[in-house]
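Examination of the molecular architecture
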Amino acid sequence: MFEKIEMAPPDAILGLTDAFKKESNPNKINLGVGIYKDEKGGTPTLESVKRAEKRLLEASAPKTYLPIPGAPEFGAAVRELVFSREHPVSAQNRACTAHTPGGTGALRVAADFLKRCTGARSVWMSDPTWANHPAIFEAAGHPIKTYPYYDSQTKGIDFAAMRSALANADKGDVVLLHACCHNPSGVDLTLDQWRDLAVIIKDLDLMPVVDFAYQGFGEGLEEDAAGVRLLCESVNEALVCSSFSKNFGLYQDRCGALTLVAGTAENAACAFSQVEKAIRANYSNPPAHGGQIVTTIMGDPELHSLWESEVTAMRNRINGMRVLFVDTLKEIGVAQDFSFIKRQRGMFSFSGLTRDQVSELRSKHAIYIVGSGRINVAGMTPENIRPLCLAIADVLQPGKA
């Protein structure tokens, strides 16, 4: 049987990383894969994480199976981070949380649960969205539809077109939203736009699924949660998929969470029992280590304060590189306006570079960027910023750089 199987095409982003590793140019730059880098180009282990791991090692707890949805204290920590203790969802016990293998695992469990238990069919996604979103929901059997989002002319959101498209959604359809730091555009919804969307979702009886992969990387931990909190004050039901790869640096520990919000505590418990069935049939129960780190940090005031300061430092570094990138391009004489990159948030932005220009950057300068022109701003450093900008100037204005 295997002899008849054709080779699958490489993943557009992870395949780029493989190609980058094989690149022989010592001055190569990777702006493709979504991993935070510090100013030296490394991916640090947070000090708060190191201290939490030390405590876990010293405790030497037995490595028995976790419950299907993970440890209850982990779920409580996630809900406090996403909603706060005072939010109606928390105060009324209208939410249940499952510890999942990364944010991707949370999305897949959500997709399986919706397909089997709610009758939801079409899943509406922003155009563009994270490249893996369609694959995850299609694998669970959902048809995919798109709503306009990024306006390449204004470098902002075409919200009128987005609203118009969602008005054509059928009752029970799913709408997938990015909580903050939209991947790949870096352009986020305003609170007024969240408020308008909440009305549309409620009026049309849609099911919101929120991908919350970058909490703390936009404007701040509380500020980045504001849209999700507003939405869940306005609608009775939602699914929130969290990832702790970026804000805790737990990339290889695959730590995420799926939080189900319902109209009542009883409805939440009943629906969540079906989430547990979906998990049991998939991976049975989650890996413990990442969740234990998050729980330890969130439950200790000293570690929590240290972690918040580390998240702030990562966010400030990314935003600082946005400014330096735009200013350096202008300084070396690039005529094209890149000022929009200063206004965007998170690790990603659409650079406006064409596929041909991206290809030329790779072949001539060993600079690796996704074909769409999406760049990972966190891959920029004070050392590589000028060579990067000179290379971009070369492909934009040949002979003038």
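Everything in this summary refers to the structure shown in the same document.

1. Points about unusual backbone geometry
- In this chain, aspartate 127 is followed by proline 128 through a cis amide linkage whose omega measures 10°.
- Here the amide bond leading from asparagine 183 into proline 184 is cis, since omega sits at 25°, within 30 degrees of zero.
- Looking at the element boundaries, proline 184 is found in the loop between strand S7 (174–178) and helix H8 (191–204).
- Within the chain, serine 84 stands out as a residue other than glycine whose phi angle is a positive 85°.
- With respect to the helices, strands and loops of the structure, serine 84 is situated in the loop between helix H3 (72–83) and helix H4 (88–91).

2. Some details on the packing of helix H2 (residues 47–59) against helix H12 (residues 301–331)
- The contact between H2 and H12 brings their axes to 8 Å, and the two run at 150°. The orientation of H2 relative to H12 falls into the category roughly antiparallel. Only Glu302, Leu303, Leu306, Trp307 and Glu310 of H12 make contact with H2, whose side of the interface consists of Glu47, Ser48, Arg51, Ala52 and Arg55.
- Broken down by class, the residue content of the contact of H2 with H12 amounts to four nonpolar, one polar and five charged.

3. A few points about the environment of glutamine 215
- With respect to the helices and strands, glutamine 215 occurs in the loop between strand S8 (207–212) and helix H9 (221–234).
- In this structure glutamine 215 comes out as buried when scored by relative accessible area, which is 3%.
- Distance from glutamine 215 to glutamate 53, taken between C-alpha atoms, is 22 Å for residues 162 residues apart in sequence.
- Residues in contact with glutamine 215, not counting those within four places in the same chain, are Leu81, Val82, Cys180, Leu221, Asp224, Ala225 and Asn247.
- Of note is the side chain of glutamine 215, whose polar atom sits 2.9 Å from the backbone oxygen of leucine 81.
- In terms of polar contacts, glutamine 215 uses its side chain to reach the backbone carbonyl oxygen of leucine 221, at 3.1 Å.

4. As for H9
- Taking 1.5 Å of rise per residue, 14 residues should cover 20 Å, and H9 covers 21 Å from first to last C-alpha, within 8% of that figure.
- The largest bend in H9 comes to about 35°, at glycine 227.

5. Structural notes on the side chain of glutamine 357
- Mapped onto the elements of the fold, glutamine 357 is located in helix H14 (residues 355–365).
- If we ignore the near neighbours within four places in the chain, the residues touching glutamine 357 are Gly352, Val395 and Leu396.

6. Regarding the packing of aromatic side chains
- Counted according to the given criterion, the structure contains nine aromatic pairs.
- Between phenylalanine 20 and tyrosine 368, the ring centres sit 5.5 Å apart and the planes meet at 85°, which makes this aromatic pair edge-to-face. Taken together, the positions of phenylalanine 20 in helix H1 (residues 14–22) and tyrosine 368 in strand S12 (residues 367–368) put the pair 348 residues apart, joining distant regions of the chain.
- Counting every residue linked through ring pairs, the aromatic cluster contains Phe74, Phe244, Phe248 and Trp307.
- Between lysine 28 and the ring centre of phenylalanine 20, over which it is positioned, the NZ or CZ distance is 4.6 Å.

7. Here's the deal with the state of the cysteines
- With the rule as written, the count across this model stands at zero disulfides.
- Here cysteine 96 is not cross-linked by a disulfide; its sulfur's nearest cysteine counterpart is in cysteine 270, at 9.8 Å.

8. A closer look at the pattern of salt bridges
- All told, the structure shown has 14 salt bridges when counted by the stated rule.
- Here arginine 51 makes a salt bridge to glutamate 47, at a shortest N to O gap of 3.1 Å. On the criterion of helical spacing, the pair formed by arginine 51 and glutamate 47 is a turn pair, its members being four residues apart in helix H2.
- Its salt-bridge partner being arginine 195, residue aspartate 192 comes within 2.8 Å of it at the nearest N-O pair. Of this pair, aspartate 192 and arginine 195 are both found in helix H8, three residues apart, which corresponds to roughly one turn of the helix.
- You can call aspartate 192 exposed: its relative accessible area is 53%.
- Note on arginine 195: relative accessible area 41%, which makes it partly exposed.
- Among the charged side chains, a salt-bridge network with shared partners connects Glu47, Arg51 and Glu302.

9. Comments concerning a nonpolar patch on the surface
- Where nonpolar side chains cluster on the molecular surface, the patch consists of Met1, Phe2 and Ile5 and spans about 490 Å² of accessible area.
- Structurally, methionine 1 is set in the segment before H1.

10. Details of the pairing of strand S2 (residues 95–101)
- In terms of burial, S2 is a largely internal element, six of the seven residues being buried.
- Here S2 pairs with strand S10 (residues 255–261) via seven bridges, running antiparallel. Across the sheet, the residue bridging to threonine 97 is threonine 259, located in S10.

11. Some remarks on the pairing of strand S4 (residues 144–148)
- Sheet analysis places strand S3 (residues 123–127) next to S4, joined by five bridges and oriented parallel. Following the sheet pairing, tryptophan 124 is matched in S4 by lysine 145.
- A crossover connection joins S3 to the parallel S4 through helix H6 (residues 132–139); in handedness this β-α-β unit is right-handed.

Conventions adopted
- Residues numbered from 1 in each chain as written.
- Predicted model: local features only at pLDDT ≥ 70, side-chain atom pairs only at ≥ 80, totals over all residues.
- Heavy atoms only, no water.
- Helix = DSSP H or I, 4+ residues; strand = E, 2+ residues; numbered from the N terminus.
- Axes fitted to C-alpha atoms, helices over the stretch in contact; angles between N-to-C directions.
- Parallel < 35°, antiparallel > 145°, perpendicular 65-115°, else oblique.
- Contact = heavy atoms within 4.5 Å.
- Nonpolar A, V, L, I, M, F, W, Y, C, P; charged D, E, K, R; others polar.
- Buried < 20%, exposed > 50% of the residue type's maximum accessible area, 1.4 Å probe, protein only.
- Polar contact = N/O pair within 3.5 Å; in protein donor to acceptor, adjacent residues only side chain to side chain.
- Expected span 1.5 Å × (residues − 1).
- Bend = angle between axes of the 7 residues up to and from the residue.
- Phe/Tyr/Trp six-rings, centres within 6.5 Å; stacked < 30°, edge-to-face > 60°.
- Lys NZ or Arg CZ within 6 Å of the ring centre and 35° of its normal.
- Disulfide = S-S within 2.5 Å.
- Salt bridge = Lys/Arg side-chain N within 4 Å of Asp/Glu carboxyl O.
- Patch = residues over 30% accessible without salt bridge, like charges linked within 9 Å, V, L, I, M, F, W, Y side chains within 5 Å.
- Areas by Shrake-Rupley, 256 points an atom, 1.4 Å probe, with all protein chains shown as cover.
- Pairing = 2+ DSSP bridges.
- Right-handed = clockwise from strand over helix to strand, strands pointing away.

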